[in-house]
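Remarks on the overall topology
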Amino acid sequence: MKFLALFSLIAPLASAAVIDIVDKPITYDGYRVVRIDSRGRAPAIEKMLKTLNIVQYNFDTKEYIEVAIAPESLTKFEKMRLKYEVLDEDLGASIVQEGGFFPDSAAARKISPSLDKLVPKVFPDMTWFDTYHTFAEHQQWLVDVQAAIPGNSELIEVGKSFQNRPLNGIHIWGSGGKDSKPAVLWHGTVHAREWISTMTVEYLTYGLITGYNSNNTQVHSILDNYDFYIIPVVNPDGFVYTQTTNRLWRKSRQTHPSSSCAGTDINRNWPFKWETPGGSSTNPCDETFRGLSPGNTPENTALSKHAASLPNGIKLYIDWHSFSQLILLPYGYDCNRQVANYDKQISLAKGVASAVLKTSKKTYTPGATCPDLYKAVGGSTDWMQDVGKAEISWCIELRPNGGGIGGFQLSPKEIKPTGEEMWSGMMYLLAAM
Ligand SMILES: [Zn+2]
């Protein structure tokens, strides 16, 4: 996840999801998170790690590999005599501290099959951003905020997940009326464990709605220029699974006829250059499993159909992820190909980074996915750029910049600061682009 020099060699992407598919909740008690120095021997180390019960955090492994190691594998790991530092002594304790993992709670499994069935309650206040929430609570939140801007918004459902959960969102527009302007399309939580992405997308949505209702001139002019289509949780099955069963689950919950391992990486399944070797996995047990054929996840089918249906094209697409503090442009599938409007996109990305820096002193690094980070094939931003014809197509990796405590388990205290810094970044971008 760390930013690496341009044109550096790309290590073969390997991933290790050695955790068996069990429906018994995993507490991660006693799991130790470590950062292993992998310089010069990443493939060999990754091969060794595959013999342990681990969860891998990062896929750009040229400099280091971050993994959570199960207690029963710690002795074997020590015997490997690798150079490493401990990031978190007890992952289970960090998950408890984070809040939001409810293995025994029926509420965490609950969904509404359709937002039409929900009745708006009160308009949420900022305390929403003090904690993480269940999927059903996110659905109610969408209904509640939409009710505050009824003339300029609608709830949307772009399709269903593998387990038949709705892919819900909100469409907001300005004085030109519904579907009159180019689209700003935001997706959150494609990777189930990246909870801060859900909350950040909602923070931005909340800012647009409260800004509009308080006659903020900047927000009015933004909404007059663009139609916003915002889907905070595009992988609801995986998201629910992270709250009930396995906090570190990344993929969808799609099953495969040929394997006992579940899940497809929806962000390796987009039907564009999908078959390119490297940059995704053909093994259903791996974290970056690309699916059995391009676009064969129901989530992906729904999302690509929705994006292609937007009537005035896509001005800006952002896929919100965590973590590493990066602003990533296409392409992921080919390190030698640059987007045609690279100068414009990179200059805007630098502008976002400096707006963020001014707000929170946090450094976000802009770059292009494959040359600057790692090869990733079948990703959303490549599809949005070339097939969806988005003018700007980014993946933003939110806080923190490193793993361990606060890796995927970012403290709820950081929800608001992360939202604030990205609000500044987006206010710059939406005015400048
Ligand atoms: Zn991600």
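Residues numbered from 1 in each chain as written. Predicted model: local features only at pLDDT ≥ 70, side-chain atom pairs only at ≥ 80, totals over all residues. Heavy atoms only, no water.

Our focus in this paragraph is the side chain of serine 197. Structurally, serine 197 is set in helix H6 (residues 195-213). Of the polar contacts made by the side chain of serine 197, one reaches the backbone oxygen of glutamate 194; its length is 2.8 Å. Beyond its immediate sequence surroundings of up to four residues, serine 197 is in contact with Gly188, Thr189, Trp320, His321 and Leu398. (Helix = DSSP H or I, 4+ residues; strand = E, 2+ residues; numbered from the N terminus. Polar contact = N/O pair within 3.5 Å; in protein donor to acceptor, adjacent residues only side chain to side chain. Contact = heavy atoms within 4.5 Å.)

Moving on, we get to the state of the cysteines. Scanning the entire structure with this criterion turns up 2 disulfides. Cysteine 335 shares a disulfide with cysteine 370; S-S distance 1.8 Å. Where cysteine 335 bonds to cysteine 370 through sulfur, the torsion about that S-S bond is close to -50°, and the disulfide is left-handed. With cysteine 335 in the loop between strand E10 (326-329) and helix H10 (342-360) and cysteine 370 in helix H11 (residues 369-372), this residue pair connects regions lying 35 residues apart in the sequence. (Disulfide = S-S within 2.5 Å.)

Our next topic: the coordination of the zinc ion. For the zinc ion, the full set of protein donor atoms is His191 (ND1), Glu194 (OE), Glu194 (OE) and His321 (ND1), at a range of 2.1 to 2.3 Å. In primary sequence terms, the donor set of the zinc ion follows H-x2-E-x126-H. With respect to class, histidine 191 is no different from glutamate 194; both count as buried. (Donors = N, O, S within 2.8 Å, 3.2 Å for Na, K, Ca; no water. Buried < 20%, exposed > 50% of the residue type's maximum accessible area, 1.4 Å probe, protein only.)

Our next topic: the packing of aromatic side chains. Scanning the entire structure with this criterion turns up 19 aromatic pairs. Relative to tyrosine 333, the ring of phenylalanine 272 lies with its centre 5.5 Å away and its plane at 85°, an arrangement referred to as edge-to-face. Here phenylalanine 272, found in the loop between helix H8 (236-244) and helix H9 (298-309), pairs with tyrosine 333, found in the loop between E10 and H10; they are 61 residues apart in sequence, far enough to count as distant. The class for tyrosine 333 is buried, based on a relative accessible area of 9%. When the centroid spacing of 5.7 Å and the interplanar angle of 80° are considered together, the rings of tyrosine 331 and tyrosine 333 count as edge-to-face. Each member of the pair, tyrosine 331 together with tyrosine 333, is buried. (Phe/Tyr/Trp six-rings, centres within 6.5 Å; stacked < 30°, edge-to-face > 60°.)

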